[in-house]
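Reading the structure
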Amino acid sequence: MERNRSDEDLTMSASPRAPSGAAVMRPSVTDALTRAFFEEWAETGLGALSLERVAKRASVGKAALYRRWSSKQDMAIELIKAVGLNLTTIPDSGSLLEDLRLILLSLRRTMRHPLIRPILPDLHAEMARTSELSVEIRNTLQYERRERGKVIVDRAIARGELPTSADRDLANDALASILYWRIIVTGGRVNRAEIDKIARFIAAGLGRQ
């Protein structure tokens, strides 16, 4: 029978890279806490979220959580930044229209996720109330995502599909805002035919040749 442990992080590592007797941050525990955090957030909103309930949902001791994150806000910032960049891919299909279509499909999949769908509007509301959260997310995650998005326009300019005056910020705004309004704000659906229509609309707005 496996022995009971109040905090499964308190294990000894045989690795020569870890000091003898040091607590080991087990990835499986971090993964469980991450999943539990987003599940709690989707259910309660960040304002009402309790780290104690997160630990209980993850079936770990509170010490395991507090060893990784000192506060709810620290946990939110770190996990959003860690997960956010991987939610949508930046394709390179060789065609502006196809790149836009693939990004829109990826964004649609993200916004329809049962956890992400309720979290997104709550995150933006919390950013309006909490300056530290807003600064961290805008200056890191949002900045990096927008820089990656601009690559699509730069490649299209290099291929001669767009004029050099094409507005890269406008491309980023249009990609995110149209789907956000349709899916998150109005609760509507966006099928593949509409994805194609939106992609053509954005490409035309950017001056596609």
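Residues numbered from 1 in each chain as written. Predicted model: local features only at pLDDT ≥ 70, side-chain atom pairs only at ≥ 80, totals over all residues. Heavy atoms only, no water.

1. Observations concerning the overall build of the chain
When helices and strands are counted, the chain shows nine helices and zero strands. Counting the 209 residues in the chain, one finds 39% classified as buried. Of all intrachain contacts in the chain linking residues separated by at least 6 positions in sequence, the fraction that spans at least 24 positions is 64%. Only carbon and sulfur atoms are counted for the fraction: they give 52% of the accessible area of the chain, which is about 11700 Å². (Helix = DSSP H or I, 4+ residues; strand = E, 2+ residues; numbered from the N terminus. Buried < 20%, exposed > 50% of the residue type's maximum accessible area, 1.4 Å probe, protein only. Contact = heavy atoms within 4.5 Å. Areas by Shrake-Rupley, 256 points an atom, 1.4 Å probe, with all protein chains shown as cover.)

2. So, the nonpolar core
In terms of nonpolar packing, the biggest core is built from 28 residues, with Leu33, Phe37, Trp41, Val54, Leu65 and Met75 touching the most fellow members. If you list the elements that add at least two residues to this core, you get helix H1 (27-44), helix H2 (51-57), helix H3 (62-68), helix H4 (72-84), helix H6 (116-129) and helix H7 (131-159). Sorting elements by how many residues they give to this core places H1 first, with six residues. Not counting chain neighbours up to four residues away, the residues in contact with leucine 65 comprise Leu33, Leu51, Val54, Ala55 and Met75. Judged by nonpolar contacts, the second largest core, of 27 residues, contains Leu100, Ile103, Ala171 and Ala203. (Core = buried A, V, L, I, M, F, W, Y, C linked by side-chain atoms within 4.5 Å.)

3. Concerning the packing of helix H5 (residues 96-111) against helix H8 (residues 168-185)
It is the contact of H5 with H8, at a shortest axis distance of 10 Å, that shows an interaxial angle of 35 degrees. Between H5 and H8 lies a crossing whose hand is right-handed. Contact with H5, carried on its side by Leu100, Ile103, Leu104, Leu107, Arg108 and Met111, involves Leu175, Ala176, Leu179, Tyr180, Ile183 and Ile184 of H8 and no other residues of that element. Residue composition of the contact of H5 with H8, grouped by class: 11 nonpolar, no polar and one charged. (Axes fitted to C-alpha atoms, helices over the stretch in contact; angles between N-to-C directions. Left-handed = near helix turned anticlockwise from the far one by under 90°. Nonpolar A, V, L, I, M, F, W, Y, C, P; charged D, E, K, R; others polar.)

4. Topic: the side chain of glutamate 126
Counting through the fold element by element, glutamate 126 comes out in helix H6. In this structure, glutamate 126 is in contact with Leu46, Gly47 and Leu133, ignoring residues within four places of it in sequence.

5. Let's talk about the pattern of salt bridges
Scanning all chains against the criterion turns up 18 salt bridges. The residue glutamate 39 makes a salt bridge to arginine 57 at a minimum N-O spacing of 3.2 Å. Of this pair, glutamate 39 sits in helix H1 while arginine 57 sits in helix H2, placing them 18 residues apart in sequence. On the accessibility criterion, glutamate 39 (18% relative accessible area) is buried. Close ionic contact of lysine 150 with aspartate 169 constitutes a salt bridge, the shortest N to O distance being 3.6 Å. On the criterion of sequence distance, the pair formed by lysine 150 in helix H7 and aspartate 169 in helix H8 is long-range, its members being 19 residues apart. Given a relative accessible area of 13%, lysine 150 falls into the buried group. When salt bridges with common partners are traced through the structure, they connect Arg35, Glu39, Glu40, Glu43, Arg53 and Arg57 into a single cluster. (Salt bridge = Lys/Arg side-chain N within 4 Å of Asp/Glu carboxyl O.)

6. Thoughts on the packing of aromatic side chains
In this structure the tally under the stated criterion is three aromatic pairs. Centroid distance phenylalanine 37 to phenylalanine 38: 5.7 Å. Interplanar angle 75 degrees. Geometry classified as edge-to-face. Clustering of aromatic rings is evident, with ring pairs tying together Phe37, Phe38 and Trp41. (Phe/Tyr/Trp six-rings, centres within 6.5 Å; stacked < 30°, edge-to-face > 60°.)

7. What about the environment of isoleucine 195?
Note on placement: isoleucine 195 falls in helix H9 (residues 192-205). Separated by 16 residues in sequence, isoleucine 195 and leucine 179 place their C-alpha atoms 9.0 Å apart.

8. Brief notes about the confidence of the model for the chain
Across the chain, the average pLDDT comes to 87, with 88% of residues at or above 70. Confidence, read as mean pLDDT per element, is least for H4 in the chain (89) and greatest for H2 (97). With pLDDT under 50 throughout, residues 1-22 is counted as low confidence; its partners more than four residues away or in other chains account for 27 contacts. (pLDDT = per-residue confidence, 0-100.)

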